[in-house]
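# Descriptive structure summary
Chain by chain, the residues run as shown.
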Amino acid sequence: MTTAAELRRRTRELLAAHPPADTDSLDFLRARFDAGLAWVHYPEGLGGLAAPRALQAVVDAELETAGAPGNDPRRIGIGLGMAAPTVLQYGTEEQKRRLLRPLWTGEEVWCQLFSEPGAGSDLAALGTRAVRDGDDWVVNGQKVWTSSAHLARWAILIARTDPDVPKHRGITYFVCDMSDPGVEVRPLRQITGEAEFNEVFLTDVRIPDSRRLGEVGDGWRVAQTTLNNERVAIGGTPVPREGGMIGKVAATWRERPGLRTHDTHQRLLGLWVEAEVARLTGVRLRQQLAAGQPGPEGAGMKLTFARLNQEISGLEVELLGEEGLLYDDWTMRRPELVDFTGRDAGYRYLRSKGNSIEGGTSEVLLNIVAERVLGLPAEPRTDKDVAWKDLAR
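We now turn to the structure provided with this report. Here the structure is a predicted model, which means the values were calculated and not measured.

Cut-off values and rules
- Residues numbered from 1 in each chain as written.
- Predicted model: local features only at pLDDT ≥ 70, side-chain atom pairs only at ≥ 80, totals over all residues.
- Heavy atoms only, no water.
- Phe/Tyr/Trp six-rings, centres within 6.5 Å; stacked < 30°, edge-to-face > 60°.
- Buried < 20%, exposed > 50% of the residue type's maximum accessible area, 1.4 Å probe, protein only.
- Lys NZ or Arg CZ within 6 Å of the ring centre and 35° of its normal.
- Core = buried A, V, L, I, M, F, W, Y, C linked by side-chain atoms within 4.5 Å.
- Helix = DSSP H or I, 4+ residues; strand = E, 2+ residues; numbered from the N terminus.
- Contact = heavy atoms within 4.5 Å.
- Polar contact = N/O pair within 3.5 Å; in protein donor to acceptor, adjacent residues only side chain to side chain.

## Digging into the packing of aromatic side chains
For any pair of aromatic rings, the description rests on two quantities: the centre-to-centre distance and the angle between the ring planes. Per the stated rule, a full pass over the model turns up nine aromatic pairs. Between the aromatic rings of Phe-340 and Tyr-347, the centroid separation amounts to 6.5 Å while the plane-to-plane angle is 55 degrees, which identifies the pairing as tilted. Take Phe-340: its relative accessible area is 17%, and that puts it in the buried class. A connected cluster of aromatic rings, assembled from ring pairs, spans Phe-33, Trp-39, Tyr-42 and Trp-104. Over the face of the ring belonging to Phe-201 we find Arg-186, whose NZ or CZ atom lies 4.0 Å from the ring centre.

## Brief notes about the nonpolar core
Counting 53 residues, the largest nonpolar core has Trp-39, Trp-110 and Met-178 as its most contacted members. No other element matches the seven residues that helix H4 (residues 77–90) contributes to this core. Those residues in contact with Trp-110 that sit more than four places away from it in its chain are Ile-78, Gly-79, Ala-83, Val-87, Leu-99, Leu-103, Ser-148, Ala-152, Trp-154, Ala-155, Ile-156 and Val-175. Ranked by size, the runner-up nonpolar core spans 14 residues in total, among them Leu-49, Leu-55, Leu-63 and Ala-68.

## Some thoughts on the environment of Arg-333
Its place among the elements puts Arg-333 in the loop between helix H9 (297–320) and helix H10 (345–351). When the C-alpha positions of Arg-333 and Gly-193 are compared, they lie 7.3 Å apart, and in sequence the two are 140 residues distant. Of note is the side chain of Arg-333, whose polar atom sits 3.1 Å from the side chain of Glu-194.

## Quick look at the environment of Lys-167
Relative to the elements of secondary structure, Lys-167 occurs in the loop between strand S4 (154–160) and strand S5 (171–177). The sequence separation of Lys-167 and Glu-363 amounts to 196 residues, and the corresponding C-alpha distance is 20 Å. At 2.9 Å, the side chain of Lys-167 forms a polar contact with the side chain of Asp-122.

What follows is the structure, encoded as structure tokens:
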């Protein structure tokens, strides 16, 4: 088994062969991947060394001390947090070797074609169709709320391949090339003024069967890997104590005593404690991840993330009074990433409204926690054994 000492040695060899100060950032990232130091728990040849996941921190600390470039996880979070684990678990060897390296280095951005106008909370009701035509699948449909679609080369896509079976069956999972003919991306302008999300129209898009992940009709099971990892990626991102949103409010409180009231003081104390509990819970969740695949606990973290962000940003706007009503820039932009702490209080307040929708609505996640964590009875589902084509729409 690879040890911490062995990883330090390998990392120092990488730094000696590719000094960060003299090496192009992309060249360094490629060399790091090839050395197995990208994600050490991945298999050899795929950016890892089959080492314990917890040892990634050893590599990261050495590289940070040396000033080595990173791969900007905020920009490529969908690829790192959602696509990669799914490709690793269900992809062929050829798919893994083709897709994982440029995904990790950031050369190829990924997006997620799951939600539809008529299948958001009830994702399994999706209607995008994929019909077999020789060695290809011809895909037609519409997807919505697609982050980074305007930047993406690849997309993870679920489509209905058999309408004659119940909705959770008859779904197949594909990798879609966003540059293929028939893929049209349109911006969705949000309440922040930006168009970070998109809607995607698929018209006779031909996807080779070689880009299918998992078995035909087994896409819902494959998608659960993506969704479980997505919730952890959104809600379980590591932050330091008083990092993120709570840090911005706490800094304002300390720096501007004239804004303080007894009520806002009590609310800030309560939210600070909740943010710290959430941070420590995230540490525990990542320790559990080191021992296996994410489970429904990620749903609980994502729920907490959404609620706290909305409550903290609301307190910040109230604390600032009239100043909190100002907004820095309504210019229509198509950003590469979401930056909660780099913008003003108005942006944080507006953008956090989407936290309880993206990555699974809070209502759906409450059901997941109730049924899969607490073991409560499942909600009655009258459509469980009804063929998708016979459902009322």
